[in-house]
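Letter by letter, the chains look like this.
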Amino acid sequence: MSRETLRDQCNRKIAVRHQTFAVLRHLLENADRVITKDELMKAVWNGLAVTDNSLVQCIHEIRAALTTVARPSCRQCRCAVTGWSFPQMPDQE
């Protein structure tokens, strides 16, 4: 059983597919730089023939999961949402 799990502030599991978790992990491990689509495809699917839509679906799931984490749905949960921190990209002037 994989220990890769996303949880909200109420410690409830947020279900995502293995590939989606792999995309998120790769993005977080490389948060200090821009990741190309080709790099993500190679890192997650490693040469397996998949369409661009596979990556699009993973990004959609990640966005939905982050929204779930940011806005817990249980009324008993009174956890403060502290927000997300991502490195700031340098100005490209």
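So, a few notes on the structure that sits alongside this text.

**As for the overall build of the protein**
A tally of regular secondary structure across the protein gives three helices and two strands. Ordered by position in the sequence, the α and β elements of the protein form the string β-β-α-α-α. Considering the protein as a whole, with its 93 residues, one finds that 24% of them fall into the buried category. Within the protein, contacts between residues separated by at least 24 positions form 51% of all contacts whose residues are at least 6 apart in sequence. In the structure as shown, the protein presents an accessible area of about 7,400 Å², 51% of it carried by carbon and sulfur atoms.

**Some details on the environment of threonine 51**
Tracing the chain through its elements places threonine 51 in the loop between α2 (37-45) and α3 (52-70). Taking C-alpha positions, threonine 51 is 9.4 Å from methionine 41, a pair spaced ten residues apart along the chain.

**Some points on helix α1 (residues 18-29)**
For α1, spanning twelve residues, the distance from its first C-alpha to its last is 16 Å, which sits close to the expected 16 Å at 1.5 Å a residue. Turning to α1, its buried residues are Thr20, Phe21, Ala22, Val23, Leu24 and His26.

**Observations regarding α2**
Inspection of α2 places Leu40, Met41, Val44 and Trp45 among the buried residues, and these make up the whole buried set. On an axial view of α2, the arc spanned by its buried residues comes to 100°, and they lie on one face. Exposed and oriented more than 90 degrees from the buried face of α2 are Asp38 and Lys42. Phi turns positive one or two residues past the end of α2, at asparagine 46, with a value near 45°.

**Concerning the packing of α1 against α2**
α2 packs onto α1 with a crossing angle of 125° between their chain directions and a minimal axis gap of 10 Å. In terms of orientation, α1 lies oblique with respect to α2. Note that α1 runs across α2; the crossing there is right-handed. Between α1, through Gln19, Ala22, Val23, His26 and Leu27, and α2, the contact on the second element is made entirely by Glu39, Leu40, Ala43, Val44 and Trp45. Broken down by class, the residue content of the contact of α1 with α2 amounts to seven nonpolar, two polar and one charged.

Basis of the calculations
- Residues numbered from 1 in each chain as written.
- Predicted model: local features only at pLDDT ≥ 70, side-chain atom pairs only at ≥ 80, totals over all residues.
- Heavy atoms only, no water.
- Helix = DSSP H or I, 4+ residues; strand = E, 2+ residues; numbered from the N terminus.
- Buried < 20%, exposed > 50% of the residue type's maximum accessible area, 1.4 Å probe, protein only.
- Contact = heavy atoms within 4.5 Å.
- Areas by Shrake-Rupley, 256 points an atom, 1.4 Å probe, with all protein chains shown as cover.
- Expected span 1.5 Å × (residues − 1).
- Arc of directions from axis to C-beta.
- Axes fitted to C-alpha atoms, helices over the stretch in contact; angles between N-to-C directions.
- Parallel < 35°, antiparallel > 145°, perpendicular 65-115°, else oblique.
- Left-handed = near helix turned anticlockwise from the far one by under 90°.
- Nonpolar A, V, L, I, M, F, W, Y, C, P; charged D, E, K, R; others polar.

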